[in-house]
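Secondary and tertiary structure notes
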Amino acid sequence: MSKAIRVRIGIIGTGAIGGFYGLMLSRAGFDVHFLLRNEFAAVAHNGLHLDSAVHGALTLNPVQAYSSAADMPPCDWLLVGTKTTSNADLAPIITQAAAPGAKVLLLQNGLGVEDDLQSLLPASLHLLGGLCFVCVHRTAPGVITHQALGAVNLGYHSGPATDAASRLSITEEGAELFRKAGLESQATPSLAQARWQKLVWNVPYNGLSVLLRASTTPLMGDANSRELIQAVMSEVVQGARACGHALPEGYAEHLFAVTEKMPDYRPSMYLDFLEKRPLELEAIYAKPLAAALNAGHEMPRIRALYQALAFIDRRNG
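Concerning the layout of surface pockets
In this structure, the second largest pocket spans a volume of roughly 290 Å³. In terms of lining, the second largest pocket is formed by 15 residues, of which the most central are Val 237, Gly 250, Tyr 251, Ala 252 and Glu 253. Counting residues per element, the ones that place at least two in the lining of the second largest pocket are helix H9 (223-242) and helix H10 (251-261). Looking at the lining of the second largest pocket, the element that brings in the most residues is H9, giving 6 residues. Here the lining of the second largest pocket is composed, by residue class, of 8 nonpolar, 4 polar and 3 charged.

Some words on the nonpolar core
Nonpolar side chains in soluble globular proteins generally cluster together in the buried interior. Counting 47 residues, the largest nonpolar core has Val 200 and Tyr 285 as the members making the most contacts within it. With near-sequence residues (within four places) excluded, Val 200 lies in contact with Met 233, Val 236, Val 237, Leu 247, Tyr 251, Ala 252 and Leu 255. Counting 38 residues, the second largest nonpolar core, distinct from the first, contains Ala 16, Leu 50, Ile 170 and Ala 181.

Observations concerning the confidence of the model for the protein
Of all residues in the protein, 98% have pLDDT values of 70 or greater, and the mean over the chain is 96. Low pLDDT (under 50) marks residues 1-5, which in the prediction has 6 contacts with non-local residues, meaning those over four places away or in another chain.

Let's talk about the packing of aromatic side chains
Tallying each qualifying case throughout the model produces 3 aromatic pairs. Note on Phe 20 and Tyr 21: the rings are 4.9 Å apart at their centroids and 70 degrees apart in plane angle, and the pair reads as edge-to-face. Note on Phe 20: relative accessible area 0%, which makes it buried. Relative accessible area serves as the criterion here: at 0%, Tyr 21 is assigned to the buried category. Counting every residue linked through ring pairs, the aromatic cluster contains Phe 20, Tyr 21 and Phe 178. Directly above the ring of Phe 133 sits Lys 198, whose terminal nitrogen or CZ lies 5.4 Å from the centroid.

What counts as what
Residues numbered from 1 in each chain as written. Predicted model: local features only at pLDDT ≥ 70, side-chain atom pairs only at ≥ 80, totals over all residues. Heavy atoms only, no water. 1 Å grid on protein atoms, 1.4 Å probe; cavity = no way out; pocket = protein on both sides within 12 Å on 5 of 7 lines; lining within 4 Å. Points joined across faces, edges and corners; volume = space filled by probe spheres on them. Helix = DSSP H or I, 4+ residues; strand = E, 2+ residues; numbered from the N terminus. Nonpolar A, V, L, I, M, F, W, Y, C, P; charged D, E, K, R; others polar. Core = buried A, V, L, I, M, F, W, Y, C linked by side-chain atoms within 4.5 Å. Buried < 20%, exposed > 50% of the residue type's maximum accessible area, 1.4 Å probe, protein only. Contact = heavy atoms within 4.5 Å. pLDDT = per-residue confidence, 0-100. Phe/Tyr/Trp six-rings, centres within 6.5 Å; stacked < 30°, edge-to-face > 60°. Lys NZ or Arg CZ within 6 Å of the ring centre and 35° of its normal.

Okay, here's the thing in structure tokens:
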């Protein structure tokens, strides 16, 4: 048996992100274990179903599903697909499910999400961040629709690997898991820069979808919203530069062009708003704004967007 097959992977939060990547990894032959809350009974009974425009209709049944981390076997890799709004409760769950020296990969949006978790985890665990470039959403308990993309970029945050070569080796090991599952993935030497790059898309499209009650196709089809998206993207690029992260030339323009070609998509924050869940404002807006301001740089459009979203979030209950 190859080393890849022996790797045991735990999925913490089997929603759209966790379900999609967990199913793809399981399909590739990895030993994958899924932690669920509300959807445990449905998935344990009916399995996981993926309707993918890229990979076709896929089903995983039976599923190694658990309603408690205490029941899971110790996992070598833990992929966390929960929302950042629940991060305060993550540390005990991760600690219970982790094998000694496990790698913990946060597949979450926003800036600084690893910082809050680092001090709460055992020092023996490796903490990494993962940036998912994917159009995916849950349509029913255990049922996921995948519209486009799927790449994951990984970066090392903290843990017992102290030298750059060891950190990059572990990050590359994680990227190889996704590549074996048929997904694009690359290791990045700077997690902070990678998170700023992801914000170039997340800040305008997530926030404006809620504020304007529109998915990506209407947003891209109107001259005023297009201009606003590009202006907000530019502010993110400038904020990143102020914080010491010069993004690749033309990166914002590239993401804008990619979005024009995407199928109509409701960003995750828009879905959270529609389902009256808390919005991920701290990680996607408050922390980048604070980081840029600490570097002496203000992002006025993003601050106004954040203030409007905070009002909407409070009224949405």
